[in-house]
Every structure is written in C-alpha cells, then in structure tokens.
Amino acid sequence: MSAAAIDSSAHLASSPAPSTPALQRYSLGLLRLGFGWALFWSGIDKIFGLGFATTPEQSVLAGVSPTKGFLLYGLADDAPAAALLKPLAGNPVADALFVLATAGAGLALMLGIGTRVAAIGGGVLMLNLWFASLPLEYNPFLDQHLFYALAALSVLAFDSGRYLGLGTAWRNLPLVRGNRWLI
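So, how was this worked out
- All chains use their own residue numbering, which begins from 1 and follows the written sequence.
- Under the rules for a predicted model, residues below a pLDDT of 70 receive no local features and side-chain atom pairs below 80 are neither given nor counted, while totals for whole chains, interfaces and linings still include all residues.
- Each side-chain value is worked out from all heavy atoms of the structure, with water and hydrogens disregarded.
- Classification of ring pairs uses Phe, Tyr and Trp, with its six-membered ring standing for Trp, and accepts pairs whose centres are within 6.5 Å; under 30 degrees between planes counts as stacked, over 60 as edge-to-face, and the remaining range as tilted.
- Numbering of helices and strands starts at the N terminus; helices are DSSP runs of H or I of at least 4 residues and strands are runs of E of at least 2.
- Classification of residues uses two cut-offs on accessible area relative to the type maximum, computed with a 1.4 Å probe and protein chains only: under 20% is buried, over 50% is exposed, and between them is partly exposed.
- A patch consists of residues whose relative accessible area exceeds 30% and which take part in no salt bridge; residues with like charges are grouped when within 9 Å of each other, and nonpolar side chains (Val, Leu, Ile, Met, Phe, Trp, Tyr) when within 5 Å.
- In this description, accessible areas are obtained by the Shrake-Rupley approach with a 1.4 Å probe, and a residue is regarded as covered only by the protein chains that are shown.
- Salt bridges are defined by distance alone: a side-chain nitrogen of Lys or Arg within 4 Å of a carboxyl oxygen of Asp or Glu.
- What a helix is expected to span follows from its residue count: subtract one and scale by 1.5 Å.
- Contact definition: two residues touch when any of their heavy atoms are within 4.5 Å.
- Think of it this way: Lys and Arg go in the positive column, Asp and Glu in the negative one, and His and the chain ends go nowhere.
- Polar contacts here mean pairs of N or O atoms no more than 3.5 Å apart (in protein, one a potential hydrogen donor and the other a potential acceptor; neighbouring residues in sequence count only if both atoms are side-chain atoms).
- Each residue carries a pLDDT score, the predictor's confidence in it, ranging from 0 to 100.
- To get an axis, fit a line to the C-alpha atoms, keeping to the stretch in contact for a helix; angles then go from 0 to 180 degrees between the N-to-C directions.
- Angle categories are assigned with fixed cut-offs, so that under 35 degrees is roughly parallel, over 145 is roughly antiparallel, 65 to 115 is roughly perpendicular, and the rest are oblique.
- Left-handed is the label given to a crossing in which the near helix is rotated counterclockwise from the far helix by less than a right angle, and right-handed is the label when the rotation is clockwise.
- For this classification, Asp, Glu, Lys and Arg are treated as charged, while Ala, Val, Leu, Ile, Met, Phe, Trp, Tyr, Cys and Pro are nonpolar and the rest, including Gly, are polar.

**A word on the packing of aromatic side chains**
Two aromatic rings, taken as a pair, are described by how far apart their centres are and by the angle between their planes.
Point 1. With the rule as written, the count across this model stands at five aromatic pairs.
Point 2. Arranged with centres 6.1 Å apart and planes meeting at 45°, the rings of Trp37 and Phe40 form a pair that is tilted. Here Phe40 and Trp37 lie together in helix α2 (residues 22-48), a separation of three residues that amounts to about one turn.
Point 3. Look at Trp37 and you get partly exposed, because its relative accessible area is 44%.
Point 4. Taking the relative accessible area as the measure of exposure, Phe40 reaches 17% and is therefore buried.
Point 5. Ring centres of Trp41 and Phe52 lie 5.1 Å apart, and the angle between their planes is 80°; on these two criteria the pair is classed as edge-to-face. Placement of Trp41 in helix α2 and of Phe52 in the loop between α2 and α3 (68-74) is noted, with a sequence separation of eleven residues between them.

Structural data, given as structure tokens:
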C-alpha cells in the first residue's frame, strides 16, 4: 500500500460526515409534524369532542371511554383481533394509553421533543389500529395506519426531532444529555 493511499484513508476517517441536505431535513421535519398533528388532533378530538370524529356528548370529558365504541361496535366479532382487543373496551388503562399515545405523543412529535418515545408509542398504536382493522375493506394489506407506522419508523430512524422543532435545544438539556432515551 502506498503512502498516499494510507494518507488518503486517514483523511477520510477523520473528516466529518457530509451534512444532511436541506430538502431531506425539511421533508423529515414535515413528516414528523404531519404525523404528530394526526395523532394530536385525534387525541384532542376524543378528549374535547370537537365535533369532527367525536361529538361533545361522546367525548372523554363527557365521561365516555375513547376505546369502547370502536372496540365493541366497530370491530367485527369475527375479525382476527376481536378476541384480543374486545376485552380492552372501556378499560381505564387502555383508555389512558390511547389518549396518551394520541394527544401526548402527537404534541411531543409536533414540538420535536421526546421523539423516540413518541414515535415508538405512535407507531405501536398505528400497528394496533391496522391489526384491529383487518380484514381491510378496500385493500388486502395496506391502509393509512401502515403509512403512519412507517412515518413513525422514519421519525425514529432519522432522528427528525432535530428539524423544524425544538429537538436540538431539547437534547442539550442536562436531563436529556444524561438520559439519551429522552431524545
């Protein structure tokens, strides 16, 4: 091996990684914001009954379970997920996790803070909703829940909290520097 080749390889090992292109940064940030808004809106509509998917009379504030209607009446008895999910209908823990995974994870994703936990929680929720929707009405396999789960995976894999949000400031907080899982 020549001295020039060794010198060149040493230079490559010490040079910084190329910066992320602007379009990629904005795309990842917008993907995170869109996924966060979809979750957040679903959660606050269920909590407050804003009249879109949930009427005020059917809201959490009116004392209605956010999981009961779908799991008891929206999930067919012969659906693959029925035996597993129907017993969770109206369960206070399932209700709390649903609201936390929608409104809480959505808010965290929109802000760009705690994106690892929020993306995992939101992604797991979307996979559960996809599973609960089987068999799908218009497609044998793919629906919006899988796209949202892929968005969650992208948010997680590419650390998109750094783009178009508070993620950079968040990761510099002493608590987060000492607990990297909070990124």
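Resuming the write-up.
**Quick notes on a nonpolar patch on the surface**
Point 1. There is a patch of nonpolar side chains on the surface, built from Ile120, Val124, Phe141, Leu142, Phe147, Leu150, Leu153 and Leu156 and spanning about 750 Å² of accessible area.
Point 2. Broken down by element, the nonpolar patch gets its largest block of residues, four residues, from helix α7 (residues 144-157).

**Things to note about helix α6 (residues 115-133)**
Point 1. Between its first and last C-alpha atoms α6 spans 26 Å; for 19 residues at 1.5 Å apiece the expected length is 27 Å, and the two agree.
Point 2. Among the residues making up α6, those that are buried are Thr115, Ala118, Ala119, Gly122, Gly123, Leu125, Met126, Trp130 and Ala132.
Point 3. Residues of α6 that are buried in the fold lie against α2, α3, α4 (82-85), α5 (92-111) and α7.

**Here's the deal with the side chain of Asp143**
Point 1. Within the secondary structure, Asp143 sits in the loop between α6 and α7.
Point 2. Buried within the structure, Asp143 lacks any salt-bridge partner; Lys46 is the closest side chain of opposite charge, at an N-O distance of 15 Å.
Point 3. A distance of 2.9 Å separates a polar atom in the side chain of Asp143 from a polar atom in the side chain of His145.
Point 4. Once residues within four sequence positions are removed from consideration, Asp143 is found in contact with Trp130, Ser133 and Leu136.

**Side note on the confidence of the model for the protein chain**
Point 1. The pLDDT averaged across the protein chain works out to 88; a share of 90% of its residues lies at or above 70.
Point 2. Predicted confidence for residues 1-17 stays below pLDDT 50, and this span has one contact to residues more than four positions away or in other chains.

**Description of α7**
Point 1. For α7, built from 14 residues, the straight-helix expectation of 20 Å at 1.5 Å per residue is met to within 8% by its first-to-last C-alpha distance of 20 Å.
Point 2. Of all the residues in α7, the buried ones are His145, Leu146, Ala149, Ala151, Ala152 and Val155.
Point 3. In this structure, the buried residues of α7 make contact with α2, α5 and α6.
Point 4. Where α7 ends, the next residue or the one after it, Asp159, has phi of about 50°, a positive value.

**With respect to the packing of α2 against α7**
Point 1. Where α2 meets α7, the axes come as close as 10 Å, and the angle between the chain directions of the two elements is 130°. Judged on the interaxial angle alone, α7 and α2 are oblique. Of the two possible hands of crossing, α2 and α7 adopt the one that is left-handed. Contacts between α2 and α7 involve Leu31, Arg32, Phe35 and Ala38 from the first element and Tyr148, Ala151, Ala152, Ser154 and Val155 from the second.
Point 2. For the contact of α2 with α7, the class distribution of residues is seven nonpolar, one polar and one charged.

**Some thoughts on the pattern of salt bridges**
Point 1. Inspection of the entire model under this criterion finds three salt bridges.
Point 2. The shortest N-O distance in the salt bridge between Asp77 and Lys86 comes to 3.3 Å.
Point 3. Residue classification places Asp77 among the exposed residues on the basis of a relative accessible area of 69%.

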